[in-house]
Amino acid sequence: EVQLVESGGGLVKPGGSLRLSCAASGFTFTTYSISWVRQAPGKGLEWVSSISSTSTYIHYADSLKGRFTISRDNAKNSLSLQMNSLRAEDTAVYYCARDRYGDYAFDWWGQGALVTVSS
Amino acid sequence: QSALTQPASVSGSPGQSITISCTGTSSDVGTYDYVSWYQQHPGKPPKLIIYDVSSRPSGVSNRFSGSKSGNTASLTISGLQAEDEADYYCSSYTISSTRVFGGGTKLTVL
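Definitions and limits used
Residues numbered from 1 in each chain as written. Chains lettered and ligands numbered in written order. Predicted model: local features only at pLDDT ≥ 70, side-chain atom pairs only at ≥ 80, totals over all residues. Heavy atoms only, no water. Disulfide = S-S within 2.5 Å. Helix = DSSP H or I, 4+ residues; strand = E, 2+ residues; numbered from the N terminus. Buried < 20%, exposed > 50% of the residue type's maximum accessible area, 1.4 Å probe, protein only. Pairing = 2+ DSSP bridges. Axes fitted to C-alpha atoms, helices over the stretch in contact; angles between N-to-C directions. Contact = heavy atoms within 4.5 Å. Buried area = accessible area lost by both parts, 1.4 Å probe. Salt bridge = Lys/Arg side-chain N within 4 Å of Asp/Glu carboxyl O. Polar contact = N/O pair within 3.5 Å; in protein donor to acceptor, adjacent residues only side chain to side chain. Core = buried A, V, L, I, M, F, W, Y, C linked by side-chain atoms within 4.5 Å.

A. Broad picture of the state of the cysteines. Within the structure shown, the criterion is met by two disulfides over all chains. In this model, A:Cys22 is linked to A:Cys96 through a disulfide, with the two sulfur atoms separated by 2.1 Å. Residues A:Cys22 and A:Cys96 share a disulfide whose torsion about the S-S bond is about -70 degrees; that sign makes it left-handed. With A:Cys22 in strand S3 (residues 18–25) and A:Cys96 in strand S9 (residues 92–99), this pair connects stretches of sequence that are 74 residues apart. You can call A:Cys22 buried: its relative accessible area is 1%. A residue is classified by how much of its surface remains accessible, and A:Cys96, at 0% relative accessible area, is buried. Put simply, B:Cys22 and B:Cys90 are joined by a disulfide, and their sulfur atoms are 2.1 Å apart. Since a negative S-S torsion denotes a left-handed disulfide, the B:Cys22-B:Cys90 link at about 80 degrees is right-handed. Of this pair, B:Cys22 sits in strand S2 (residues 18–23) while B:Cys90 sits in strand S7 (residues 86–93), and the two are 68 residues apart along the sequence.

B. Main features of the sheet that holds strand S6 (residues 72–77) of chain B. All names here are of chain B. Read across the open sheet, the three strands follow the order S2-S6-S5; overall the sheet is antiparallel. Strands with a single pairing partner mark the edges of an open sheet, and in this sheet they are S2 and strand S5 (64–69). Averaged over all neighbouring strand pairs, the angle between strand axes comes to 20 degrees, with direction disregarded.

C. Representation of the interface of chain A and chain B. Each partner contributes to the interface: chain A provides 25 residues, whereas chain B provides 21 residues. Broken down residue by residue, the surface that chain A buries against chain B is led by A:Leu45, A:Trp47 and A:Tyr104, which jointly contribute 34%. Note that B:Arg99 is salt-bridged to A:Asp99, the shortest N-O span being 2.5 Å. Here chain A and chain B share seven residue pairs in polar contact (both at pLDDT 80 or more) between them. Secondary structure elements with two or more residues in the side of chain A that touches chain B: strand S4 (34–39), strand S5 (45–51), strand S6 (58–60), S9 and strand S10 (106–109) of chain A. Among the elements that line the side of chain A that touches chain B, the one with the most residues is S5(A), at four residues.

D. Up close: the nonpolar core. If you look at the biggest cluster of nonpolar residues, it comprises 41 residues, and the most contacted ones within it are A:Trp36, A:Leu81, A:Met83, A:Tyr94, A:Trp109 and B:Phe101. Listing elements by their share of this core, those giving two or more residues are S3, S4, S5, strand S7 (68–73), strand S8 (78–83), S9, S10 and strand S11 (113–117) of chain A. Per-element tally for this core: the top contributor is S9(A), with five residues. Among the nonpolar cores identified, the runner-up in size contains 23 residues, and B:Ile20, B:Ile49, B:Val60 and B:Val100 belong to it.

Here's what the structure looks like:
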């Protein structure tokens, strides 16, 4: 069965950094694009970033203004999101989501990791 | 990257049908048939229920259907059931190779 398990969430002070990880299993990781999607408390979904299967294509939401960096390690079936210069408005549950093969729909989601930015 | 526009809430009685709209622009919904819909119950991750405007993943009830006209996509749920009460989100691919979600619609089954 497809599994995506996020880790690395927690409490961080404004201006700080945090690195999220997503461990994938149950499918051929090297053939799928993967994305990060976040959801602020009580709010809607917001796409953060996507990375193609071989890391050739990487895209970010304009609102991030270069503060976040997505990467993947196909040898370890893992995805990462390095988040710098964190702000209170970055507080959210961060989901790792698999792109449907050859498509742009998110067909499998992890349970999410909570990131809280607060002093 | 403005969010797609969805109604904040819709409601219907068991057995009825409801439709949720998702309005974008010629930079996203109007150009691509990569519109997807997600169902999210409280405290749970979203679940894909429609992809490519009108296709259903395996295991999703045929009570869920999708369509698109111009810059607006729609999700229709027929034969409403209590378990359909949830938040629903649309999403689209964009000409900038990014993705965009709608603001979400809360469905209440009366």
